[in-house]
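One letter stands for each residue in the lines below.
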Amino acid sequence: MAIKLSILDQTPIYEGETAAEAFQRTVRLAQKAEELGYTRFWVSEHHDSGVVAGSSPEVLIAHLLAKTDRIRLGSGGVMLQHYSPYKVAENFNVLASLGPGRIDLGIGRAPGGLPRSTQALQQGGADPVSLTDKITELRQYIHNRLEEDHPLYGLRANPVTDHPADLYVLGTSAASAEIAAELGLPYVFSLFINGDPDTAIQALQAYRSNFNDTFGTKPQAILGVSVIAAESDEEAQRLAGDHKLVKIHLESGRTITVSNLEHAQEFGSQTKEKFTIEVKEPQVTKGSIEKVKKELLELQRATGVDEFIVITAVEDFPRRLRSFELLKEAFNDTSDDDEIEENVLAGNPSSGRGEADDGSGKHRIVEPVI
């Protein structure tokens, strides 16, 4: 059982560029991912940002469907707290009808932007509903199984499709893992945002331990990681640069990862809560393909995942493409597959068991996906 590799793209806009240019890169990257044999290609949702173009993953996915042939496409993720589950179901039923068997619907918990954009997105909304309840209703609409006791029983999220989108819960903590487990859904832990491997291990263990199998599903876990693969360790370090992971801690207990100190200050100025800002080293797996593969295999053994979804935040686009080429090349070497398969089937994540051109590019930590 080989490790699956997928890509998450945030459509970054670099200094002096337009959003149109950023989207053109996303299209090229999706096509390259398909050519290289990556499993899925996801795009993110961000709001009120001058450095990230992807504010509407549904629209971007539709465009990518027309530009690719086989690769799975999805959201990493839709911020369901802002939206009607019914409308999200309609959007993704359209996508699933356009690309049968190719659509993933990842659901995120974070706001995806500053407090002002959250206020605008939720303008005129009713009383808050829990994310768990919203995902439950979304699943019912997608599968056309609205329960009889639902006040809107008989309503359909048209078009009804024979191949509805696959649902995923995205998160960075035990709380999101518990939601995924309770609903019997696949779970994606974003280590590149959380930055703490121990938290990832604990969350994934809790996910498996508490998984509700009454829906007829089995645990499926994916780890979101930041990776820079290069011809040498030194080149990877140059590409990574000296960027930091910036977190804002709110008095209410919420923690939001943002793009930089300026963004953190702006977030604080828009919220009515007291806050503190934490700056730390980002969790980036970087180096030669030998080094990157070794570290990712160690993460696989510690977490028990059989799939990585990778973000590579390198501004130099040819070197970014080369990083994805090198990564796929490394894992196309099947010399480790027998060991991985034995570990995965054994069911012990702690030992790899569980489920199955100038070198001046910049590594930019952008806004949170989840």
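All values derive from a computational prediction rather than experimental measurement.

K.L.:
I'm lost on helix H3 (residues 85–98) in this one. Help?
P.N.:
Helical periodicity: at 3.6 residues per turn, an α-helix aligns residues three or four positions apart in one direction. An ideal rise of 1.5 Å per residue puts 20 Å on 14 residues; H3 measures up with 20 Å between its terminal C-alpha atoms. For H3, the complete set of buried residues consists of Pro85, Val88, Ala89, Glu90, Phe92, Asn93, Leu95 and Ala96. Looking at the packing, one finds that the buried side of H3 touches helix H2 (57–67), strand S3 (72–79), strand S4 (103–108) and helix H5 (131–142).

K.L.:
What am I meant to see in the side chain of Ser75 here?
P.N.:
Along the polypeptide, Ser75 turns up in strand S3. At 3.0 Å, the side chain of Ser75 forms a polar contact with the backbone nitrogen of Gly106. Here Ser75 is in contact with Trp42, Val43, Pro57, Ile61, Phe92, Asp104, Leu105 and Gly106, once residues within four sequence places are set aside.

K.L.:
How should I be thinking about the confidence of the model for the protein in this particular structure?
P.N.:
Any region with low pLDDT has predicted coordinates that should not be read closely. When pLDDT is averaged along the protein, the result is 85; 84% of the residues meet or exceed 70. Note that residues 334–370 has pLDDT below 50 and, in this model, 130 contacts with residues that lie over four places away or in other chains.

K.L.:
Is there a simple way to think about the pairing of strand S2 (residues 40–43) in this case?
P.N.:
Within a regular strand, the side chains alternate between the two sheet faces. Of the two faces of S2, both are covered, the one formed by Arg40 and Trp42 as well as the one formed by Phe41 and Val43. Examined bridge by bridge, strand S1 (residues 4–9) and S2 share three bridges and lie parallel to one another. Bridging across to S2, Ile7 finds its partner in Phe41. Of the pairings in the sheet, the one linking S2 to S3 comprises four bridges and is parallel in character. The partner of Val43 across the bridge, within S3, is Ser75.

K.L.:
Hey, could you run me through H2 in this one?
P.N.:
Of all the residues in H2, the buried ones are Pro57, Glu58, Leu60, Ile61, Leu64 and Leu65. In a view along the axis of H2, the buried residues occupy a sector of 160 degrees, so they form one face of it. Residues of H2 that are exposed and angled more than 90 degrees away from the buried face: Val59 and Ala66. Next to the buried residues of H2 lie helix H1 (19–36), S2, S3, H3 and S4.

Basis of the calculations
- Residues numbered from 1 in each chain as written.
- Predicted model: local features only at pLDDT ≥ 70, side-chain atom pairs only at ≥ 80, totals over all residues.
- Heavy atoms only, no water.
- Helix = DSSP H or I, 4+ residues; strand = E, 2+ residues; numbered from the N terminus.
- Expected span 1.5 Å × (residues − 1).
- Buried < 20%, exposed > 50% of the residue type's maximum accessible area, 1.4 Å probe, protein only.
- Contact = heavy atoms within 4.5 Å.
- Polar contact = N/O pair within 3.5 Å; in protein donor to acceptor, adjacent residues only side chain to side chain.
- pLDDT = per-residue confidence, 0-100.
- Pairing = 2+ DSSP bridges.
- Arc of directions from axis to C-beta.

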